[in-house]
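Fold and geometry: a report
Here are the chains, one letter per residue:
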Number of protein chains: 2
Amino acid sequence: MKNELPSSRDRYQAFQARNLKLDMTRGKPGPELLDLSNPMLTIVDSEHYHAAGGNDCRNYGILDGLPEAKNLFADYMDVAPEEILIAGNASLNLMYDEVVRSMLYGVPGGQSPWIQQGTIKFLCPVPGYDRHFNICSVLGIEMINVPMNDEGPDMHIVEKLVGEDASIKGIWCVPRYSNPNGVIYSDRVIDRFAQMKTAAPDFRIFWDNAYRHHHLVENPRDQKNLLDACKSAGVAQRALMFGSTSKITFAGGGLSFLAANKTNMDHTRKYLANQTIGYDKLNQLRHVRFFGDLAGLRKHMNQHRAILKPKFDAVDSVLTSELDGKDLAHWTRPEGGYFVSLDTRPGLAKKVVALAADVGVKLTAAGATYPGGIDPEDRNIRISPSLPGLEEIELATEVLAVCIILASE
Amino acid sequence: MKNELPSSRDRYQAFQARNLKLDMTRGKPGPELLDLSNPMLTIVDSEHYHAAGGNDCRNYGILDGLPEAKNLFADYMDVAPEEILIAGNASLNLMYDEVVRSMLYGVPGGQSPWIQQGTIKFLCPVPGYDRHFNICSVLGIEMINVPMNDEGPDMHIVEKLVGEDASIKGIWCVPRYSNPNGVIYSDRVIDRFAQMKTAAPDFRIFWDNAYRHHHLVENPRDQKNLLDACKSAGVAQRALMFGSTSKITFAGGGLSFLAANKTNMDHTRKYLANQTIGYDKLNQLRHVRFFGDLAGLRKHMNQHRAILKPKFDAVDSVLTSELDGKDLAHWTRPEGGYFVSLDTRPGLAKKVVALAADVGVKLTAAGATYPGGIDPEDRNIRISPSLPGLEEIELATEVLAVCIILASE
């Protein structure tokens, strides 16, 4: 008499029969997260559309943000109000624009626009965020993979490369709860970023602090401010820091911001004045009125955590019960951010994603977390549990686990 | 006994004593125009944030605009919905981006990116819009002045230049109620734009239709659609048409749009996908819910007309009573748009603007309507009566007239 558990093949076939339609592809906030910001929709009305200084937010003007929005998000980014610029609904656009401006007009401290300097290269800690890589790709910027460890990018490699090669002009970093592997860059790494010698005088760190206040733990770790570290090291212009409220208020209708030292900000404002008369101040006013101050925003993010934490726990609990001790996969238990990063055995990620797709579970394309979509070891899979409900997450993760077992056989 | 009127010098000194503080510098809508759109502020609320197709407008997604926004503004621009893209709050940004994308990536039909083709030139009908010229200036695009007449740019000159010089890649046009001189491009001019031979295969007409539905007359003239004309002439890719609701709803919080043939749109969408995940759909939904359809928007613009017409009449009436028959200045009586364009005798515009400034009346800097800020004849002054109240406009125009008389003495 057979007492065995159903085989992974049997379980996979059972999933096949259920006509599933689950999606864990992208880091979209779920509707219950968005609902938390609904009061913001009507907080600016026909009685309240003036900024504190009297500015009619409906009209033209104010290139770099309402003073009160700059105050709030300067607190958020831990910089001075003159070191921040408040932009439109997409920090991606702000990052793209900053790279393009550097290409076309150069940056302070540089000899000439990047586009006049021949081949330009960026360092890309991997796994990383596909949309960063797309910006390099479309602009013809060569990308060099740099491995990540528990403290951030491997700084030995970073230091060696930027020290030797003046064509390396930048590096993409998500310093807190990195996309996808949830790494919190250590203060030691941040100091090394500030203190390293770069062959290029016009080198820039693109510091995408997308998840700066997106904690999944009650007492988040402290983290050094990159701009402060760069100022101490005498290279204040090295840091370009980005943030947004896309995963705080509305993913499609939030604010984005760029923080940097005054020289960089003046340079950006000068060129930005040719692009626009100003960003949407009504939406800036909505955010300021909704949060009041950083404490208000933090309270709001605690509500986010209460919704997101069980989703991340569900992923971990299913993976643990299915895969623990089997040495088939490693995955992260992030303290914040939007992703779980999972590594299969080498050579299996594409197969796993395809198997899951065949039974109706969409996962981020394997390789998407690497430049050019090529994961040299074909093992990284990014899991995005923010959008689906708990039951869906559990089921999708179970399917993923079964696909991993099957692919590893 | 002296019965003479006070001299212009006496009148000027009297203004001086009054410590005036009037501003007619820029085409900003007045508060009473903005008030008309106040209901839009709260029309998207916690019950209504879904698009017709069910899309949650608060979340990520939809690169080129909500279907219902595309429908409305395709009607507005007289194109098909697949020929339009709905963007952020600034058509200036959309125009800048389109020029930059052409520089970096080239355009359909072109051999290579403009930036790889050596010197690039744009034709600039003058007087024109300073922010168009700034885009060329910052990108190092050479500008060639083209005189305007009552039907649009002098097409003999345009045809000759674009026919001979393949480095001429574009022309800036405000085809309806041109900024500043209020010209409505004739159908004959539009046909010649479509039919002219261009030495550059990648030539583009940047058709900034900013005032398309901004009439000051009850029965506006018809005007041929440039894209239709270009399609008939077999050069559909030549037309890039822009518009916005900056002077319809909120100058700082409106929508902008780009309309072009499908080949151009596909090209733009492809590159735009590297810049952003999508523009603010909540604001698109606000606009669609507020107007309903083009008839609703037209009704709204009739209310604008009722407010703006008396302001334009005031400018004309003061100028007429002060200057008529004196041969000291010519000015426009536009059928729409935002500006009155005034020409002094040659060599006097700067002097007039300085005289007015000295008694507290700010006018747009003389020369601002020309590339590089240089009006070769130093005679054009742009008057913007949209923002101030009627009494202010009358007084400021009186000051202007007195300054013209004084400067001409």
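How each quantity is defined
- Residues numbered from 1 in each chain as written.
- Chains lettered and ligands numbered in written order.
- Predicted model: local features only at pLDDT ≥ 70, side-chain atom pairs only at ≥ 80, totals over all residues.
- Helix = DSSP H or I, 4+ residues; strand = E, 2+ residues; numbered from the N terminus.
- Rg over C-alpha atoms; globule rule 2.2 N^0.38 Å.
- Buried ≥ 20, exposed ≤ 12 C-beta atoms within 10 Å, placed from the backbone.
- Contact = placed C-beta atoms within 7 Å.
- Least-squares fit on C-alpha atoms with pLDDT ≥ 70 in both.
- Pairing = 2+ DSSP bridges.
- Axes fitted to C-alpha atoms, helices over the stretch in contact; angles between N-to-C directions.
- Expected span 1.5 Å × (residues − 1).
- Parallel < 35°, antiparallel > 145°, perpendicular 65-115°, else oblique.
- Left-handed = near helix turned anticlockwise from the far one by under 90°.
- Nonpolar A, V, L, I, M, F, W, Y, C, P; charged D, E, K, R; others polar.
- Domains from an automatic or database assignment.
- pLDDT = per-residue confidence, 0-100.

**Concerning the overall build of chain A**
- Along chain A, the regular secondary structure elements total 13 helices and 13 strands.
- Taken over C-alpha atoms, the radius of gyration comes to 22 Å for chain A, in line with the 22 Å a tight globule of 409 residues would show.
- Along the first, second and third principal axes, the C-alpha atoms of chain A reach 80 × 55 × 35 Å.
- Counting over 409 residues, chain A shows a buried share of 56%.
- A separation threshold of at least 6 residues defines the contact pool for chain A, and within that pool the share at least 24 residues apart is 76%.

**Regarding the relation of the copies chain A and chain B**
- Here chain A sits on chain B after a turn of 180° about the axis and a move of 0.0 Å along it, with an RMSD of 0.0 Å. Both chain copies can therefore be described as sitting about a two-fold axis. No C-alpha of chain A approaches the rotation axis more nearly than that of Thr 42 of chain A, which lies at 2.5 Å.
- Mapped onto chain B, 100% of the interface residues of chain A again fall at the interface, so both copies present the same surface.

**Re unusual backbone geometry**
Residues and elements named next belong to chain A.
- Going from Val 126 to Pro 127, the amide bond is cis rather than trans, its omega being -5°.
- Mapping Pro 127 onto the fold places it in the loop between strand E3 (121-126) and helix H5 (130-138).
- Look at the link from Asn 179 to Pro 180: it is a cis peptide, with omega at 5°.
- Mapped onto the fold, Pro 180 is located in the loop between strand E6 (168-173) and helix H7 (187-195).
- Of note in this structure, Ile 62 is not a glycine but carries a positive phi near 65°.
- Here Ile 62 lies in the loop between helix H2 (31-35) and helix H3 (67-77).
- The backbone of Tyr 177 sits at a positive phi, close to 55°, despite the residue not being glycine.
- Secondary-structure assignment places Tyr 177 in the loop between E6 and H7.
- The exposure class of Tyr 177 is buried, given the 26 C-beta atoms found within 10 Å.

**Here we look at the sheet that holds strand E13 (residues 380-383) of chain A**
All names here are of chain A.
- Judged by pairing direction, the sheet is antiparallel, and its 3 strands sit side by side in the order E10-E11-E13 without closing on themselves. Each end of this open sheet is capped by a strand with a single partner; those strands are strand E10 (329-331) and E13. With strand direction ignored, the average angle separating the axes of adjacent strands in the sheet is 20°.

**Regarding the environment of Ala 306 of chain A**
- Tracing the backbone through its elements, the reader meets Ala 306 of chain A in helix H11 (residues 294-323).
- We classify Ala 306 of chain A as exposed; it has 10 C-beta atoms within 10 Å.

**Structural notes on the environment of Lys 21 of chain A**
All names here are of chain A.
- Here Lys 21 shows up in the loop between helix H1 (8-17) and strand E1 (22-24).
- A tally of 9 C-beta atoms within 10 Å means that Lys 21 is categorised as exposed.
- The sequence separation of Lys 21 and Leu 406 amounts to 385 residues, and the corresponding C-alpha distance is 20 Å.

**Remarks on helix H13 (residues 390-408) of chain B**
- Counted at 1.5 Å a residue, the expected span for H13 of chain B with its 19 residues is 27 Å, and the 27 Å between its end C-alpha atoms agrees.
- Among all positions in H13 of chain B, only Ile 393, Ala 396, Thr 397, Val 399, Leu 400, Ala 401, Val 402, Cys 403, Ile 404, Ile 405 and Ala 407 of chain B are buried.

**Some words on the packing of helix H1 (residues 8-17) of chain B against H13 of chain B**
All names here are of chain B.
- Orientation of H1 relative to H13, taken along the N-to-C sense of each, is 135°, at an axis distance of 9 Å. In terms of orientation, H1 lies oblique with respect to H13. Viewed along their axes, H1 and H13 form a crossing whose handedness is left-handed. In this structure, H1 contributes Ser 8, Arg 9, Arg 11, Tyr 12 and Phe 15 to the contact, and H13 contributes Val 399, Val 402, Ile 405 and Leu 406.
- Among the residues forming the contact of H1 with H13, the class breakdown is 6 nonpolar, 1 polar and 2 charged.

**As for the sheet that holds strand E10 (residues 329-331) of chain B**
Residues and elements named next belong to chain B.
- Spatially, E10-E11-E13 is the arrangement adopted by the 3 strands of the open sheet, whose pairing is antiparallel. The open sheet has two edge strands, E10 and strand E13 (380-383), and neither has a second partner. Between one strand axis and the next, the sheet turns by 20° as a mean value, whatever way the strands run.
- Examined bridge by bridge, E10 and strand E11 (residues 340-344) share 3 bridges and lie antiparallel to one another. When the sheet's bridge partners are listed, His 330 is paired in E11 with Asp 343.
- Lying over the sheet, helix H12 (residues 349-358) contacts E11 and E13, oriented at roughly 40° with respect to E13.

**Considering the interface of chain A and chain B**
- Between chain A and chain B, the residue contacts involve 43 residues of the former and 43 residues of the latter.
- Put simply, the parts of the chain that give the side of chain A that touches chain B at least two residues each are H2, helix H4 (91-105), H5 and helix H10 (281-291) of chain A.
- Residue contributions to the side of chain A that touches chain B peak at 5 residues, all from H4 of chain A.
- A breakdown of the residues in the side of chain A that touches chain B according to their chemical character gives 22 nonpolar, 15 polar and 6 charged.

**Here's the deal with H7 of chain A**
- The set of residues buried in H7 of chain A consists of Val 189, Ile 190, Arg 192, Phe 193 and Ala 194 of chain A.
- Elements in contact with the buried residues of H7 of chain A: strand E5 (152-153), helix H6 (155-164), strand E7 (204-208) and helix H8 (226-232) of chain A.

**Brief notes about the pairing of E11 of chain B**
Residue and element names in this part refer to chain B.
- The element E11 is largely enclosed, with a buried count of 4 among its 5 residues.
- Two strands pair when backbone bridges link them, and E11 and E13 are joined in this way by 4 bridges, in the antiparallel orientation. Bridging across to E13, Val 340 finds its partner in Ile 383.

**Topic: the domain arrangement of chain A**
All names here are of chain A.
- Assigned domains within chain A: domain 1 (8-27 + 298-408) and domain 2 (49-292).
- On the side of domain 2, 25 residues touch domain 1, which itself brings 21 residues to the contact.
- Among the secondary structure elements, those contributing two or more residues to the side of domain 1 that touches domain 2 are H11 and E13.
- Take the side of domain 1 that touches domain 2: its biggest share by element is 7 residues, from H11.
- Tallied by class, the residues present in the side of domain 1 that touches domain 2 amount to 9 nonpolar, 7 polar and 5 charged.

**Observations regarding the confidence of the model for chain A**
- Mean pLDDT over chain A stands at 96; residues scoring 70 or higher make up 99%.
- Per the prediction output, this complex has pTM 0.96; the corresponding ipTM is 0.96.

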